Amino acid sequence: MLKRALTSLFFFLLSAGLCASQTSSRDAEGHEWWQHAVFYEIYPRSFADSNNDGVGDLQGITSKMDYLHDLGVDAIWITPCFPSPQIDFGYDVSDYENIDPMYGTLADFDRMVEEGRKKGVHIILDFVLNHTSDQHAWFKDSASSRTAPHRDWYIWRDGRAPSQPPNNWISIFGGSAWKIDDKTGQYYYHFFYPEQPDLNWRNPAVEKAMFDVTRWWYRRGVSGFRLDAVDTLFEDPELHDNPTLPGANKYGDPNLENKYNTNLPELHDVLRQLRSVADESHAVLIGETWTSNIEQLKAYYGARSDELQMPMDFMFTTINKLDPAEFRRQAAAVDSAGGWPVYVIGNHDMVRSYNRYGDGFHNDQIAKLMAAFYLTLRGTPVMYYGEEIGMENNDPQRKEDVKDPIGKLGWPTEKGRDGERTPMQWKNELNAGFSKSAPWLPVPASYATHNVETDLKDPGSILNFYKRILALRHTNPALIEGAYIPLNQDDPNVLSYLRAYKGKAVLVALNMSSGAQKITFDLAQQGFSGAKLKPLAASEAEAVDSRVSLQPFGAFVGEVVK
Ligand code: NOJ
C-alpha cells in the first residue's frame, strides 16, 4: 500500500497548502497519478442517501469515502450533479457552476473534496459540453428573439419548407433532431432530447464560457472531468442530409449513418484547448469516446498527446460474450494504440456487466473472472458502482414504472436505462440500506445476498476478490508498470498473458469456458525458463509448479518465480 500512502501524503500536503495544485508528480517510469489509479463511477442519485428522501446525495457519497478507500479506489467520477430539470437525470444542465439542491450545496461539495483528500480519493466531475438544458439561462435568452445576445450560442435554422425541419437528422433518443420554436419561427438542433439543445461550438463565446466552467471547478479542487458525448460537438454547417441505411431504429425512425453530425474533425481542436486549460491545473480528461475502430480511438489521444489522457475504450464493452479471441484482439489493439489504455466493462448507459457476461448459472464466478481480467491489464480501469458486489440489472416490468424517457418512448424494445441505475446495495435491510424512504428506483431481490455488509464477511465474495485484485494493482510492480504480453494466442478457452517488468512477471490465466481446463505454461521464450507459479489471487483455480488448473470460469493471477 506504499503507493496509496504516498498518494494520501500528497493530498495531505495539498490540503495543508504546502504543495501547490500545479504540482505534478510522476513515478520512475514517467507516469502520472491517474495512470495507476482506479477510477470508480458514481451515479449520485443511487449511491447513498443521507437525508432519506429516496435520492442519493453528496453527503451520502462523503459518508462512504472510507468504503471507497478500503476498496482500492483512487478517484470517483460523479455523473452530473449540477442544477438540472432532470429530464436526462442531470445530463441536462441548467447551471454549470452550482450543485442541484437535490444533491446538496456547494458547501457539501467542498466537504466531499476535503474528505476525498484525506482518504486519497480524487474527485472527477462530468462535463456535459455538447448541450445544455433548455432551462439554462443561455438557452432561454437564445430562444427569446432572433437578435438575442445568446441567439448564436445554439444552432438555429429555418425549416427547408413549411413545417419541415432543416434536414433529415434524427435524435439518438428518437424523432427529428430539430424542434420548431413557435416564438421565433426557427428550428433548433438537439442530438439528444429536445430539452437538451446543442451548443454552437463554432461560436468563440461558447468556447470561452465553457473553458471557464472547467477552470472554476479546478479552483474548487476537482482533479479532472469526464467529457460527455464528445463525438457530437460539431455538425456540418451546410446541414447535408445524412445517408440513409436499411431498416428502422427502435423508435421507428429510419436508420441513418450519422456522417454529418458526429465525429467531425473540428472537435479535436476543442479537445486540444480543453486539454491546455486542464494542464494549467494538472487535471485529467476522460472521454466518453464511442469509436468504431482503433484509429478513431488513437485520434482522441491527439497527434501530439495533447487531447484526452484517458479516452475510454468502449469497443471492449461491445464484446458481450466471453470470447478469448475477441478480447485478445481488442486488448492488443488498445495496448499498442500509443496512448494509455482505459478499460471499462459497464456504466450507467449499458446493461450491467454481471448480466452481459453472466451465463445465468455462474454469474458470481464470471464477475470475478472479469475483474481478474480488466483490472490486471496495462492501463487504467473505470469501475461502475456496484460491480464489485455483483449488482444485476433490475429492468422495469411495466411501461408505467419506467423513469428514463427513452424507455417510455421505445417500450418494450427499449426499456430505458433504469435497470443499471438502481440503488447501491449496502446491507440486507430495508431498501438495501440505501435509504429509509422508498428509493427512486427499486432494488432487485438479489440485494439480500449481494450487498456490501454481507460480502465483506464472506472471504469468497466478489467484493473480497475485487479488494484482493485492487490491492495487488497498487502494490505489485509488474501489475503497476509491466508490459502486456499475450500468451497461448490460439487457445479458444483460456485467455492468458503476462505483465512483465524488470525481470519479474505476473501471469494471468482466465478460463472463459464452462469446462475445466489445465495448462502447463512454458515461459522460456519470455525469459522465464523453468519458472513456477505462485498464486497471488485465484478463484476456482490453482497452480502446481507451472501447471494451472482452472474450474469453469476459473481465474488465476500468480507471480512467476524463476
Ligand atoms: C451520455 C451519457 O452517458 C448519457 O447518460 C446521456 O443521456 C447522454 N450522454 C446525453 O448527455
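Being a predicted model, the structure only gives us computed values, none of them experimental.

1. Observations regarding the sheet that holds strand 4 (residues 156–157)
Part 1 of the argument: If you walk across this open sheet you meet the three strands as 4-6-5, and the pairing is antiparallel. Taken across any chain shown, the strands that pair with only one partner, and hence form the sheet edges, are strand 4 and strand 5 (178–181).
Part 2 of the argument: Relative to strand 6 (residues 186–189), strand 4 is paired through two bridges, and the arrangement is antiparallel. The partner of Arg 157 across the bridge, within strand 6, is Tyr 187.

2. Digging into the site of the ligand
Part 1 of the argument: Around the ligand, a shell composed of Asp 88, Tyr 91, His 131, Phe 173, Phe 192, Arg 226, Asp 228, Glu 288, His 348, Asp 349, Arg 417 and Arg 421 is seen.
Part 2 of the argument: His 348 is positioned such that a nitrogen or oxygen atom in its side chain is 2.8 Å from an oxygen atom of the ligand.
Part 3 of the argument: Between the ligand and Arg 417, the relevant distance is 3.0 Å, taken from an oxygen atom to a side-chain nitrogen or oxygen of the residue.
Part 4 of the argument: The fraction of the free accessible surface of the ligand (290 Å²) that becomes covered by protein chains is 98%.
Part 5 of the argument: Partitioned by chemical class, the residues of the shell around the ligand number three nonpolar, two polar and seven charged.

3. Remarks on the environment of Phe 192
Part 1 of the argument: Structurally, the position occupied by Phe 192 is in the loop between strand 6 and helix 6 (204–219).
Part 2 of the argument: Along the primary structure Phe 192 and Ala 278 are separated by 86 residues, whereas in three dimensions their C-alpha atoms are 27 Å apart.
Part 3 of the argument: With near-sequence residues (within four places) excluded, Phe 192 lies in contact with Asn 130, His 131, Ser 171, Ile 172, Phe 173, Ala 229 and Thr 232.

4. Concerning the packing of aromatic side chains
Given two aromatic rings, one states the distance between the centres and the angle between the planes to describe the pair.
Part 1 of the argument: As enumerated under the stated definition, the model contains 35 aromatic pairs in all.
Part 2 of the argument: Here the aromatic rings of Trp 33 and Phe 39 are separated by 5.8 Å at their centres, their planes lie at 20°, and the arrangement is stacked.
Part 3 of the argument: Assessed through its relative accessible area of 22%, Trp 33 is described here as partly exposed.
Part 4 of the argument: Taking the relative accessible area as the measure of exposure, Phe 39 reaches 0% and is therefore buried.
Part 5 of the argument: Seen in terms of ring centroids, Tyr 43 and Trp 440 are 6.4 Å apart; in terms of plane orientation they differ by 25°. Their pairing is stacked.

5. Brief notes about helix 11 (residues 363–374)
Part 1 of the argument: Helix length check: helix 11 (twelve residues) gives 16 Å between terminal C-alpha atoms against 16 Å at 1.5 Å per residue, within 8%.
Part 2 of the argument: Across the twelve residues of helix 11, eleven count as buried, placing the element largely inside the fold.
Part 3 of the argument: What helix 11 keeps buried is the set Asn 363, Gln 365, Ile 366, Ala 367, Lys 368, Leu 369, Met 370, Ala 371, Ala 372, Phe 373 and Tyr 374.

6. Topic: unusual backbone geometry
Part 1 of the argument: Cis geometry is found at the peptide bond from Trp 411 to Pro 412, where omega equals 0°.
Part 2 of the argument: With a phi angle near 55°, Asn 52 is a residue other than glycine that sits in the positive phi range.
Part 3 of the argument: Here Asn 52 falls in the partly exposed class, since its relative accessible area comes to 28%.
Part 4 of the argument: Here the phi dihedral of Gln 86 falls at roughly 65°; this positive angle occurs in a residue that is not glycine.
Part 5 of the argument: Within the element layout of this structure, Gln 86 appears in the loop between strand 2 (75–78) and helix 4 (106–119).
Part 6 of the argument: The exposure class of Gln 86 is buried, given its relative accessible area of 11%.

Definitions and cut-offs
Residues numbered from 1 in each chain as written. Predicted model: local features only at pLDDT ≥ 70, side-chain atom pairs only at ≥ 80, totals over all residues. Heavy atoms only, no water. Pairing = 2+ DSSP bridges. Helix = DSSP H or I, 4+ residues; strand = E, 2+ residues; numbered from the N terminus. Near = heavy atom within 4 Å. Polar contact = N/O pair within 3.5 Å; in protein donor to acceptor, adjacent residues only side chain to side chain. Areas by Shrake-Rupley, 256 points an atom, 1.4 Å probe, with all protein chains shown as cover. Nonpolar A, V, L, I, M, F, W, Y, C, P; charged D, E, K, R; others polar. Contact = heavy atoms within 4.5 Å. Phe/Tyr/Trp six-rings, centres within 6.5 Å; stacked < 30°, edge-to-face > 60°. Buried < 20%, exposed > 50% of the residue type's maximum accessible area, 1.4 Å probe, protein only. Expected span 1.5 Å × (residues − 1).

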